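In case you want the letters, here they are:
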Amino acid sequence: MSFSNPVDRNSKPPAMTEPDFVSRQTTQADRYYLDLNPDLDTDLCVVCGGFEHVQDDYVIQRREFPYYAIEVVADGTGELTMGGAYHEIAPGSIFAYGPGVPHKIENRPPGGMRKYFLDFVGREAIPMLDAAGLGERKPILVGHMGEVTHLMDLIARESHSNDGQITQDLAVCMLRAVLLKIRQRRITDGTRIPAAYQTYENARSYMDANFKTLNTIEQVAQACNVTPIYLSRLFKRYAETGAYRFLLRRRMNYAAELLLEEGVRVRDVAEILGYADAFQFSRAFKRIHGVPPKTILDSRRKNE
């Protein structure tokens, strides 16, 4: 890990209502502040965060920063200099900095970047950033960036409620989720999203939109203009599971929702998902969830 711990762990940044480290070079911003005077010896504490749409001439240059920070570029392009190295940043770029890491962030016109930021402290910060691939003083790329920004939007929503310690606890839990999601969606082969990953995302989106009527991977492959073998390789590479297994889990998760939330009969769920009979559906359901669908339905009825 390239970050250092704060120079003086017994001191705390002074409490502020308007932090001087926050940029005013924005056309739109939605920020929240949970604890600007955090205990540096805690396991993990969310300090502040938010969303910024920056101006064309936006530039931030710091020799020092009191907290650990994650920034996620949602739109636009820019330039990042960190630890003396220059990097281009674009949608899907995520980078981190903190105590002892000089950095410069600059927008590249025309148009201003739209980006999220999240600042935090604590003993767990460095190992968690390391595990997410953010400890090398350079940006990484993630796919399904919307999953990351959705979590950051949830933190903002909870933080605006200002419910004291419970809000901080929720924010910490979601910070862990953000870092796990970055770890899950990190792209390791190159500095730009490869065509292979884009094909994988297209196939995954197609499955999400059409899973109720899809029964085979051949149908997905045909729709995405690739071979079934290539599609399976993509899913094993990026999703760490086979393409058919991914599709089957999506279908069986929906089946579980119908059984648990709506009490739909097993044979009717089988018909909705296009199975020839309830037996074939039950076998597929047990393959994913480990129990037959009747067990799920019986459990719901007992709790009614």
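**Q** Please explain the packing of aromatic side chains as it appears in this structure.
**A** Centre-to-centre distance and the angle between the planes together describe a pair of aromatic rings. The full count for this structure, using the stated rule, is 12 aromatic pairs. Judged by centre distance (5.9 Å) and plane angle (90 degrees), the rings of F65 and Y67 are edge-to-face. Relative accessible area serves as the criterion here: at 0%, Y67 is assigned to the buried category. Cation over ring: R250 sits above F211, and NZ or CZ is 4.0 Å from the ring centre.

**Q** Please clarify how the pattern of salt bridges should be interpreted in this entry.
**A** Where charged atoms from two side chains of opposite charge come close, those side chains can pair. By the definition in use, this model includes 14 salt bridges. Two residues, E71 and K115, come together in a salt bridge whose shortest N-O distance is 2.6 Å. Taken together, the positions of E71 in strand β4 (residues 68-75) and K115 in strand β9 (residues 114-121) put the pair 44 residues apart, joining distant regions of the chain. Just as E71 is buried, K115 falls in that class too. Through salt bridges with shared partners, one network takes in R31, E52, E71 and K115.

**Q** Help me understand empty space enclosed by the protein in this model?
**A** Summary: where empty space remains is shown by rolling a probe the size of a single water molecule over the atoms. If you walk through the whole model with that rule in mind, you get one cavity of 30 Å³ or more. Of the voids in this model, the largest cavity is the one considered here, and its volume is about 100 Å³. Along its surface, the largest cavity is lined by 13 residues, and F21, E52, R62, E71 and F117 are the ones closest to its centre. Only β3 (59-62) and β9 provide two or more residues apiece to the lining of the largest cavity. Ranked by the residues each element gives to the lining of the largest cavity, the list is headed by β9, at three residues. Class assignment of the residues belonging to the lining of the largest cavity gives a composition of seven nonpolar, one polar and five charged.

**Q** For this particular structure, what's the right way to read the packing of helix α2 (residues 145-161) against helix α3 (residues 165-185)?
**A** Any two packed helices are characterised by the angle at which their axes cross and by the distance between the axes. Contact pair α2 / α3: the axes reach a minimum separation of 9 Å and the direction vectors enclose 175 degrees. Classified by the angle between their axes, α2 and α3 sit roughly antiparallel to one another. Residues E147, V148, L151, M152, L154, I155, E158, S159 and S161 of α2 lie in contact with α3, whose contacting residues are T167, L170, A171, M174, L175, A177, V178, K181, I182, Q184 and R185. Considering only residue class, the contact of α2 with α3 consists of 12 nonpolar, four polar and four charged.

**Q** Can you walk me through the packing of helix α7 (residues 243-262) against helix α9 (residues 278-289) in this structure?
**A** Relative orientation of the contacting elements α7 and α9 amounts to 105 degrees, with a least axis distance of 9 Å. In terms of axis orientation, α7 runs roughly perpendicular to α9. Seen from α7, the contacting residues are Y244, R245, L248, R249, M252, N253, A255, A256 and L259; seen from α9, they are F281, A284, F285, R287, I288 and H289. Partitioning the contact of α7 with α9 into residue classes produces 10 nonpolar, two polar and three charged.

**Q** What is the right way to look at the environment of Q165 in this model?
**A** Residue position: Q165 is located in helix α3. The class of Q165 is exposed, set by a relative accessible area of 53%. Separated by 21 residues in the primary sequence, Q165 and R186 have C-alpha atoms spaced 31 Å apart.

**Q** Is there a simple way to explain the confidence of the model for the chain in this structure?
**A** Regions with low pLDDT carry predicted coordinates that are not meant to be interpreted in detail. Averaged over every residue, the pLDDT of the chain is 88; the share at 70 or more is 92%. Between residues 7-16, whose pLDDT stays under 50, and residues either more than four places distant or in other chains, the model counts 18 contacts.

**Q** Even after reading the chapter, I still don't get the layout of surface pockets, so can you show me in this structure?
**A** Within this model, the second largest pocket holds a volume of roughly 330 Å³. Forming the walls of the second largest pocket are 15 residues, and the residues nearest its centre are Q184, R237, Y238, A239 and E240. Those elements giving two or more residues to the lining of the second largest pocket turn out to be α3, β11 (186-187), α4 (195-210) and α6 (228-238). Tallied by class, residues from the lining of the second largest pocket come to five nonpolar, three polar and seven charged.

**Q** When you look at the sheet that holds strand β2 (residues 45-54) in this model, what are you seeing that I'm missing?
**A** In a beta sheet, neighbouring strands are held together by backbone hydrogen bonds and run either parallel or antiparallel to one another. Strand order in this open sheet of seven strands is β1-β2-β9-β4-β7-β10-β11, and the pairing throughout is antiparallel. The sheet is open, and its two borders are formed by β1 (26-33) and β11, each paired with just one other strand. Across two bridges, strand β10 (residues 140-142) lies against β11 in antiparallel orientation. Within β11, the position partnered with V142 by the bridge is R186.

**Q** I'm lost on unusual backbone geometry in this one. Help?
**A** Peptide bonds are trans in most cases, and residues, glycine excluded, mostly fall at negative phi. Of note, the amide linkage connecting P109 to P110 takes the cis form, showing an omega dihedral of 0 degrees. Along the chain, P110 turns up in the loop between β8 (103-107) and β9. The backbone of H144 sits at a positive phi, close to 50 degrees, despite the residue not being glycine. Mapped onto the fold, H144 is located in the loop between β10 and α2. The phi torsion at N225 lies on the positive side, around 60 degrees, for a residue other than glycine.

Reading the values: rules and limits
- Residues numbered from 1 in each chain as written.
- Predicted model: local features only at pLDDT ≥ 70, side-chain atom pairs only at ≥ 80, totals over all residues.
- Heavy atoms only, no water.
- Phe/Tyr/Trp six-rings, centres within 6.5 Å; stacked < 30°, edge-to-face > 60°.
- Buried < 20%, exposed > 50% of the residue type's maximum accessible area, 1.4 Å probe, protein only.
- Lys NZ or Arg CZ within 6 Å of the ring centre and 35° of its normal.
- Salt bridge = Lys/Arg side-chain N within 4 Å of Asp/Glu carboxyl O.
- Helix = DSSP H or I, 4+ residues; strand = E, 2+ residues; numbered from the N terminus.
- 1 Å grid on protein atoms, 1.4 Å probe; cavity = no way out; pocket = protein on both sides within 12 Å on 5 of 7 lines; lining within 4 Å.
- Points joined across faces, edges and corners; volume = space filled by probe spheres on them.
- Nonpolar A, V, L, I, M, F, W, Y, C, P; charged D, E, K, R; others polar.
- Axes fitted to C-alpha atoms, helices over the stretch in contact; angles between N-to-C directions.
- Parallel < 35°, antiparallel > 145°, perpendicular 65-115°, else oblique.
- Contact = heavy atoms within 4.5 Å.
- pLDDT = per-residue confidence, 0-100.
- Pairing = 2+ DSSP bridges.

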